[in-house]
Amino acid sequence: MTCSLGRRLAVALLVWVTALPGTAAAVPAGGDTGASDAPDGGVVRDLERIARPLRTTGPSGPTDDLRPFGEAVGDAVVVGIGEAAHGSREFVTVRHRMLRYLVEEKGFRSFVLEANWSAGARLDAYLRTGCGDPVRIMAEEFQDAHLLLHSREYLDMLRWMRAFNVEHPGDPLRFAGDDIGYAGPELYDRVVDHVRRAHPDLLATVTELYRGLRPAVPMGAWMRTAVTTPLEERQDRAERTGRVLALLRAREPAGADGDHALAVQHATAVDQVARLYAFDLADPEVVPDVMVYRDTVMAENTLWWHRHTGHRVVLGGHDSHVYTLTSTPSLPLAQGTVLRQRLGDGYRAVAVSFDRGAVHATEEGLQNPADADVRRFHVPPAGPGFVEHTLDQVSHRAWYADLRDAPPAARAWLDVARPKREIGTDYPPGEDRVSLSRSADLLVHLHAITPSTRLDRAAPGGT
């Protein structure tokens, strides 16, 4: 069984997918799977007992309906809130609403997104200083398999975070990206500038090691070139970025030095990207190793950000990455599994599901998706056999629940791995089989979703 990423690797084209855990068309997007899944009324009655209605799926308005959510979060320091489709409006706005609640009521101060580290560094600078154009940053950093992040919903969330910082200059919100598909030119500049200021004796060496590595073309074009570069050259790049990282680590100051620690992390991110492309991407048997590497590094970057800032963190990403138990053989190890191993109950996983609606996505099989390839896909109601078919029988159109409180009948049903739609960058979705109670602590279910609102890449922005 291969994932969308695996299929692209088969033709030596690496695309960040979360894109699709699963095998395309292995399970239909809706309709009958042929499986018998007719739980007795006791399961739905049990789910009704723990279901808490959401007042709205929008980010604004009172959040008192989320108090039980806050109680379920407890003392967790990282809360991963998933999405069952990248190109959905509601999954982003519900997460935005939960972020608002956790910021205003529980003291959370950071948001980490399934985006590249360089994107996070640039957006964090905008949130802290107001300098820079978030629309331009998103247009430059959200390309290829990250292009569905380039939406009005994410821009609205960033502008809300910036407005919070204007009102709370001494207690700002922060932003990071944990992914490793691309290291933008500003990341190299930040490392070199730090070396120039703090370790000028290393400047010539670091400059030479980074020579020719700093991207000089847009992100999408860089990624297309990166995966077709000869393997030996890609491995040489990783050896060079690793040497820069080793030089900086050897200069760790005796006392706490936030600037140096951040520069080392920037150099780490540059090295992580280089090492990802140093895998033999033409070998299909390497795909599981690539996926394990990616999710492990995503977890390590999230944990580093938590330690560095001391913040409680909301983590945003696809369900398949926030789950504490992998949902498909094509993703042998999920980021959420690593976070649960490292943090124990300090990590909470929030799964998301929906019954029907429409999403933005690219057609399955595209090697390098671009804006022009994004289409609106209709998603029919989930048929018998899908977890969503049963979840949608709960009377609320939008609800959440603490799965740990599930009564016996629901608990037994939740423990069984069943087909669940997980739509990444591509459509149709693949086959994911999820045991909700083993993969997540909480669940958000929406009756229907609509496509995300795409931004014009040429539009002006900034606040």
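Scroll up for the structure.
Let me begin by describing the structure that accompanies this report. (Residues numbered from 1 in each chain as written. Predicted model: local features only at pLDDT ≥ 70, side-chain atom pairs only at ≥ 80, totals over all residues. Heavy atoms only, no water.)

**Brief notes about the pattern of salt bridges**
Link 1 in the chain: Following the criterion strictly, the structure yields 31 salt bridges and no others.
Link 2 in the chain: As a salt-bridge pair, Arg211 and Glu208 come within 2.9 Å of each other at their nearest N and O atoms.
Link 3 in the chain: Taking the shortest distance from any N to any O, the salt bridge between Asp441 and Arg340 comes out at 2.7 Å. With a gap of 101 residues between them, Asp441 in the loop between α18 (436-439) and β12 (442-449) and Arg340 in helix α15 (residues 335-343) connect regions that are remote in the sequence.
Link 4 in the chain: Here Asp441 falls in the buried class, since its relative accessible area comes to 8%. (Salt bridge = Lys/Arg side-chain N within 4 Å of Asp/Glu carboxyl O. Helix = DSSP H or I, 4+ residues; strand = E, 2+ residues; numbered from the N terminus. Buried < 20%, exposed > 50% of the residue type's maximum accessible area, 1.4 Å probe, protein only.)

**Overview of the packing of aromatic side chains**
Link 1 in the chain: Under the criterion given, the structure shown has 13 aromatic pairs.
Link 2 in the chain: Seen from their ring centres, Phe69 and Tyr400 are 6.3 Å apart, and the 85° between their planes marks the pair as edge-to-face. On the criterion of sequence distance, the pair formed by Phe69 in helix α3 (residues 67-73) and Tyr400 in strand β8 (residues 398-402) is long-range, its members being 331 residues apart.
Link 3 in the chain: Judged by centre distance (6.0 Å) and plane angle (45°), the rings of Trp160 and Phe164 are tilted. Placement of both Trp160 and Phe164 in helix α7 (residues 152-167) is noted, with a separation of four residues, approximately one turn of the helix. (Phe/Tyr/Trp six-rings, centres within 6.5 Å; stacked < 30°, edge-to-face > 60°.)

**Here we look at the layout of surface pockets**
Link 1 in the chain: By volume, the largest pocket amounts to about 230 Å³.
Link 2 in the chain: Lining the largest pocket are 18 residues, and of these Tyr188, Leu213, Trp222, Ala226 and Arg237 lie nearest its centre.
Link 3 in the chain: Taken together, the elements giving at least two residues each to the lining of the largest pocket come down to α10 (219-228), α11 (231-249) and α12 (258-277).
Link 4 in the chain: Partitioned by chemical class, the residues of the lining of the largest pocket number twelve nonpolar, three polar and three charged. (1 Å grid on protein atoms, 1.4 Å probe; cavity = no way out; pocket = protein on both sides within 12 Å on 5 of 7 lines; lining within 4 Å. Points joined across faces, edges and corners; volume = space filled by probe spheres on them. Nonpolar A, V, L, I, M, F, W, Y, C, P; charged D, E, K, R; others polar.)

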